[in-house]
Structure formats: C-alpha cells, structure tokens
Amino acid sequence: MNDAVPEPEPRPGPEEAQHGDRPEPGHEPAAPAPLDVPRTPTGNAEVDARLARLADADHLATDGHVEVYEDVHRGLRDALTALDARPGPPAPPPPSPYDRRS
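As the structure is a computational prediction, the values presented were derived from the model and not from experiment.

## Here we look at the overall build of the protein
What the protein contains, in helices and strands, is three helices and zero strands. Starting at the N terminus and walking to the C terminus, you meet the elements of the protein as α-α-α. Taking all 102 residues of the protein together, the buried fraction comes to 10%. Pairs at least 24 residues apart make up 39% of the contacts formed inside the protein by residues separated by at least 6 positions.

And the structure:
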C-alpha cells in the first residue's frame, strides 16, 4: 500500500490556455526605430562625438545596444581620465620665514 498522494497535473494559465506554446500568427517584433532623444552639445568635441555615437543604437536591435553603450562609456571614461592627467596650475610657493612680522 502506498500512502503517497499523486501530484496534480499543472493547469495552463489564462494565456497558455489560449495560445499554448504557439506564437501569435503574424506577430513580428517591431523594427528598430530612433528614439529621437535630443543631445545638447557640451562644447567638448571629444565628448560630443561620443554622445553622438549613441544615435547608432537607434538603428540596431536591442541586443546590439550593449556594444554601443559600452563603447560610449569607455570613451567618456577615457576623456575623464585624460582630464585628471593634465597638469593643473602651479601650486603657490610656500610662505617664506622672512615674511613673518613680529
């Protein structure tokens, strides 16, 4: 004698009951379309060129966006790193001990 209770058969949800595993006939994914997000120029030619590259994603399927975003991110990061590498104004000289008044 087996006391185990048999598992009930899973019931399909509302969508599965209507469609099962069949895709809807005539349902194709939408073609890539430009988002037309306005880009305000920054005044830095290197940064503006990187931001303009974002428009390339407008013509790609979603899985192609990552490559564009990573390229733009890498370029912007390099531009920021270059700013840190540039020498700034010279530091003021230390005060002279002879400048003190007693």
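Next comes the rest of the account.
## Thoughts on the packing of helix α2 (residues 45-53) against helix α3 (residues 62-85)
Interaxial distance between α2 and α3 falls to 9 Å at its minimum, and their mutual angle equals 170°. Overall, the two elements α2 and α3 adopt an arrangement that is roughly antiparallel. Of α3, the residues touching α2 (which contributes Glu46, Val47, Arg50, Leu51 and Arg53) are Val68, Asp71, Val72, Gly75, Leu76 and Ala79. By residue class, the composition of the contact of α2 with α3 is six nonpolar, one polar and four charged.

## A word on the pattern of salt bridges
In a structure, side chains of opposite charge can pair up when their charged atoms sit close to one another. For the structure shown, the criterion picks out four salt bridges. Residues joined in a network through salt bridges with shared partners are Arg50, Arg53, Asp56, Asp71 and Arg74.

## Quick look at the environment of Tyr69
Structurally, Tyr69 is set in helix α3. Tyr69 gets classed as partly exposed once you look at its relative accessible area, which sits at 43%. When the C-alpha atoms of Tyr69 and Ala57 are compared, they prove to be 8.1 Å apart, with 12 residues separating the residues in sequence. If we ignore the near neighbours within four places in the chain, the residues touching Tyr69 are Leu54 and Ala57.

## Some thoughts on α3
Its 24 residues place the ends of α3 36 Å apart at the C-alpha level, agreeing with the 34 Å of an ideal helix rising 1.5 Å per residue. All of the buried residues in α3 are Gly64, His65, Val68, Asp71, Val72, Gly75 and Ala79. Those residues of α3 that are buried are in contact with α2.

## Here's the deal with the environment of Arg53
By the secondary structure assignment, Arg53 is in helix α2. When the C-alpha positions of Arg53 and Val72 are compared, they lie 6.9 Å apart, and in sequence the two are 19 residues distant. If we ignore the near neighbours within four places in the chain, the residues touching Arg53 are Val68, Asp71 and Val72.

## Comments concerning the side chain of His65
Looking at the secondary structure, you find His65 in helix α3. Judged by relative accessible area, which is 17%, His65 ranks as buried. Polar contacts involving the side chain of His65 include one to the main-chain carbonyl oxygen of Leu60, which spans 3.2 Å. Contacts of His65, omitting those with residues within four sequence positions, involve Ala57 and Leu60.

Thresholds applied
As a convention, each chain's residues are numbered from 1 in the sequence order in which they are written. With pLDDT at 70 or above as the cut-off, local features in this predicted model cover only qualifying residues; side-chain atom pairs require 80 or more to be listed or tallied, and sums for whole chains, interfaces and linings still use all residues. Calculated side-chain values reflect all of the structure's heavy atoms, with hydrogen atoms and water omitted. Under the DSSP-based scheme used, a helix requires at least four consecutive residues in state H or I and a strand at least two consecutive residues in state E, with every element numbered from the N terminus. Buried means the residue's accessible area, taken with a 1.4 Å probe over protein chains only, is under 20% of the maximum for its type, while exposed means over 50%, and partly exposed covers the values in between. Contacts are residue-level and defined by heavy atoms, with any inter-residue pair within 4.5 Å sufficient. In this analysis an axis means a line fitted to C-alpha atoms, helices contributing only their contacting stretch, and an angle means the value between N-to-C directions, from 0 to 180 degrees. With respect to orientation, any angle under 35 degrees is reported as roughly parallel, any angle over 145 as roughly antiparallel, any angle of 65 to 115 as roughly perpendicular, and every other angle as oblique. By the convention adopted, Pro, Cys, Tyr, Trp, Phe, Met, Ile, Leu, Val and Ala count as nonpolar, Lys, Arg, Asp and Glu as charged, and the other residues, Gly among them, as polar. Only one rule defines a salt bridge in this text: a Lys or Arg side-chain nitrogen within 4 Å of an Asp or Glu carboxyl oxygen. The span one expects for a helix is its residue count, reduced by one, times 1.5 Å. Pairing of N or O atoms within 3.5 Å defines a polar contact, subject to two protein rules: one partner must be a possible hydrogen donor and the other a possible acceptor, and residues neighboring in sequence count only if both atoms are side-chain atoms.

So, to be careful, I would describe these as geometric facts and stop short of saying anything about function.
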